[in-house]
Amino acid sequence: GSGRSTTAAPVERPGERRVAEMKKLYGDDSAKILAIETAMQLTFDRNCCRKQPKYWPVIPLKL
Amino acid sequence: MPGDWHLLGPLEWTRYVNKEVKVTAGKDVERCGWLLTVDPVSASLVLLDFKADGQTSVDLVMGHAVKEVQVLQEPDEKTLNRLQTSFVPVRSCSLDS
Amino acid sequence: SISTSAASELDPEELQKEQHARSVLREKFLRCLFAMTNKQVYFNLHEKVKVEATFGASDIDVLNFQVSDLHTPIGVQKEALIRSRDVISCHFDV
């Protein structure tokens, strides 16, 4: 159970913070930018999941 | 160039857009081209060079490595047109400025 | 990852102008990244390291590039992630 639920902050719906952040940065175009970003991140995540790429070089050249 | 490149804001980056620029980056990298855009997240620059055979050569210079950005010249009408149509999907409505 | 401290000091009209400028810049950049998909890309890394690979995708924070058939000085790595911090510039043709 969750004994401390009465004092906890209201649960934030996933993505809500990101939408607000995007709105602040991109104003009226935020929905469009968010859509393009989501598509791009999805491609990246899917490729990484399928291909399991390893970092090259193993040690960063520059920190 | 005033201050650090990656600390400039969108309005200041926009002033460089569509111009031919020379970017100095890292220890000894120099790239010239027409500035298509600057990523507001990473401050990275996209430089285009329109080849005679119709191909476009694209250089991406990472914002963190940028040392200096110098404006070389303003675009002529033909170059400006090519810049405004590069990587842009076909739209039904006209582009606003 | 973007500073909004400057934006908060702007009046609404200025803020809108800045948001519009940021959207235009960001959209063009994202479309350019999409255009890199499956292209042969030449990377110029720090320490004078040069590699080429088939571009796959970038994360939206532009921290990592997912590539295939990475030709390194010591051989070919079938699948790899390149840290953008290691990269000075990269090049491709369209």
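Use the structure listed above.
Note that this is a predicted model, so its numbers are computed, not measured.

Participant: So what exactly am I meant to see when it comes to unusual backbone geometry here?
Facilitator: A cis amide bond, omega -10°, links W56 of chain A with the succeeding residue P57 of chain A. Among the secondary structure elements, P57 of chain A is positioned in the segment after β1 (54–55). Even without being a glycine, Q52 of chain A presents a positive backbone phi close to 45°. By secondary structure assignment, the location of Q52 of chain A is in the loop between α2 (30–51) and β1. Backbone geometry at N38 of chain C places phi at a positive 65°, although glycine is not the residue there.

Participant: Sorry, what's going on with the pattern of salt bridges here?
Facilitator: Two side chains with opposite charge may pair up if their charged atoms get near one another. Taken as a whole and judged by the stated rule, the model has 14 salt bridges over all chains. Between K23 of chain A and D28 of chain A there is a salt bridge, with its nearest N and O atoms 4.0 Å apart. Its relative accessible area of 44% is what places K23 of chain A among the partly exposed residues. Classification of D28 of chain A by relative accessible area gives exposed; the value is 64%. Overlapping salt bridges bring together R18 and E37 of chain A, D39 of chain B together with R26 of chain C as one network.

Participant: Would you mind going over helix α1 (residues 16–26) of chain A with me for this structure?
Facilitator: Two residues of an α-helix separated by three or four positions point the same way, owing to the 3.6 residues in each turn. Residues of α1 of chain A that are buried: M22, L25 and Y26 of chain A. What you see down the axis of α1 of chain A is that its buried residues fit within an arc of 75°, all on one side. Those residues of α1 of chain A that are exposed and aimed more than 90 degrees away from the buried face are R17 and K24 of chain A. Residues of α1 of chain A that are buried make contact with α2 of chain A together with α2 (12–35) of chain C. G27 of chain A occupies a position one or two residues after α1 of chain A and carries a positive phi of about 55°.

Participant: I'm lost on the interface of chain B and chain C in this one. Help?
Facilitator: Interface size, as often reported, equals the accessible area lost upon joining of the parts. On the side of chain C, 37 residues touch chain B, which itself brings 35 residues to the contact. When chain B packs against chain C, the two sides together hide about 3,000 Å² of surface, and 63% of this comes from carbon and sulfur. Together, V41, L60 and F87 of chain B form the three largest contributors to the area buried by chain B at its contact with chain C, with a combined 20%. Inspection of the chain B/chain C interface yields 3 salt bridges. Note that D93 of chain C and K51 of chain B form a salt bridge whose closest N and O atoms lie 3.3 Å from each other.

Participant: Is there a simple way to think about the nonpolar core in this case?
Facilitator: Taken as a class, soluble globular proteins show a tendency for nonpolar side chains to be buried jointly. Counting 42 residues, the largest nonpolar core has F43, F65, V67 and I82 of chain C as its most contacted members. For this core, the element with the highest residue contribution is α2 of chain C, accounting for 5 residues. Viewed by domain, this core spans two of them, domain 1 (1–35) and domain 2 (37–91) of chain C, each represented by three or more residues. Discounting chain neighbours no more than four positions away, the residues touching F43 of chain C are V49, K50, V51, A53, F55, F65, V67, I82, V87, S89 and C90 of chain C. Counting residues in each nonpolar core, the second largest holds 20 residues, with V23, V29, L35 and L45 of chain B among its members.

Quick notes on the rules
- Residues numbered from 1 in each chain as written.
- Chains lettered and ligands numbered in written order.
- Predicted model: local features only at pLDDT ≥ 70, side-chain atom pairs only at ≥ 80, totals over all residues.
- Heavy atoms only, no water.
- Helix = DSSP H or I, 4+ residues; strand = E, 2+ residues; numbered from the N terminus.
- Salt bridge = Lys/Arg side-chain N within 4 Å of Asp/Glu carboxyl O.
- Buried < 20%, exposed > 50% of the residue type's maximum accessible area, 1.4 Å probe, protein only.
- Arc of directions from axis to C-beta.
- Contact = heavy atoms within 4.5 Å.
- Buried area = accessible area lost by both parts, 1.4 Å probe.
- Core = buried A, V, L, I, M, F, W, Y, C linked by side-chain atoms within 4.5 Å.
- Domains from an automatic or database assignment.

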